[in-house]
Each structure stands twice: as structure tokens, then as C-alpha cells.
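# A closer look at the structure
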Amino acid sequence: QVQLVESGGGLVQPGGSLRLSCAASGTISSIYVMGWYRQAPEKQRELVARIASGGTTNYADSVKGRFTISRDDAKNTVYLQMNTLKPEDGAVYYCYVYLGGTRGDYWGQGTQVTVSS
């Protein structure tokens with residue numbers, strides 16, 4: 001079993017920055033993909049960014065150039081640096097990991113990000 005613990009959410013003014021962290025613990029030998037999704041009220045959950053074990057990254061078009069995803073495999077932790085935040089970035093952000101093969105995928109409990117003046 002794998003547990004994900006997210007941190008770093010909160011309230012920030014438009015144009016500000018936040019850094020989200022998600023630490024995975026449990027029976028983990030390696031993690032293939034780590035990522036972040038978000039879900040705003042009355043909207044579907046959407047991919048924000050993900051990073052594979054080789055370093056390949058994917059971003060939603062709406063966050064390209066503003067958000068940066070990174071990972072520390074020694075700590076089984078994924079980070080999301082969010083800059084130049086906009087009100088429309090406000091949502092619950094969920095950490096996601098896919099261990100690879102048949103080892104399954106896991107979700108964090110979510111952390112609230114609110115962008116408002």
C-alpha cells in the first residue's frame with residue numbers, strides 16, 4: 001500500500017506563487033509517473049502536470065510557462081512550483097502516482113489552492 005501526503009496549498013493573491021509537495025510512502029521500489037491534477041467546483045478533474053521517471057514532463061496548456069513539476073526520487077516526492085497564479089488556477093490539487101505495470105496508481109487527499117485578492 002502507498003500513502004501520499006500533500007502540502008503547500010493555501011491562499012495567494014493573483015500573480016503570486018505557491019509550491020506544492022507530495023511525499024509517497026509505503027511499499028515502493030520505484031515510481032514511474034508522478035503528477036498533479038486539479039478539480040475546480042463543478043468542473044472535471046484535469047491534468048495539470050506529470051513527470052515520468054526519465055524526466056519527461058507534460059503540462060496542461062493553461063499552465064505552460066508558469067508551472068514547473070519536478071521530482072526527488074530519493075525522497076519519493078513530487079513538487080509543483082506554481083508562479084504567476086491566476087484566479088482560474090484555484091482548485092483542489094491532487095497528487096497522483098503510477099508505480100508502473102500492475103503495481104497500481106494512487107491519489108492524494110487533495111490540497112486547496114485559492115487565488116484571490
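Residues numbered from 1 in each chain as written. Predicted model: local features only at pLDDT ≥ 70, side-chain atom pairs only at ≥ 80, totals over all residues. Heavy atoms only, no water.

### Describing the nonpolar core
If you look at the biggest cluster of nonpolar residues, it comprises 31 residues, and the most contacted ones within it are Trp36, Leu80, Met82 and Tyr93. Those elements that place two or more of their residues in this core are β1 (2-7), β3 (18-26), β4 (33-39), β5 (46-52), β7 (67-72), β8 (77-82), β9 (91-98) and β11 (111-115). (Core = buried A, V, L, I, M, F, W, Y, C linked by side-chain atoms within 4.5 Å. Buried < 20%, exposed > 50% of the residue type's maximum accessible area, 1.4 Å probe, protein only. Helix = DSSP H or I, 4+ residues; strand = E, 2+ residues; numbered from the N terminus.)

### Quick notes on the packing of aromatic side chains
A full pass over the atoms with the stated rule returns four aromatic pairs. For the pair tyrosine 37 and tryptophan 107, a centre-to-centre distance of 5.0 Å together with 65° between the ring planes defines the contact as edge-to-face. Of this pair, tyrosine 37 sits in strand β4 while tryptophan 107 sits in strand β10 (residues 105-107), and the two are 70 residues apart along the sequence. Note on tyrosine 37: relative accessible area 17%, which makes it buried. Classification of tryptophan 107 as partly exposed rests on a relative accessible area of 38%. An aromatic cluster of at least three residues, connected via ring pairs, comprises Tyr37, Tyr96 and Trp107. The positively charged end of arginine 19 is found above the aromatic ring belonging to tyrosine 79, 4.1 Å away from the centroid. (Phe/Tyr/Trp six-rings, centres within 6.5 Å; stacked < 30°, edge-to-face > 60°. Lys NZ or Arg CZ within 6 Å of the ring centre and 35° of its normal.)

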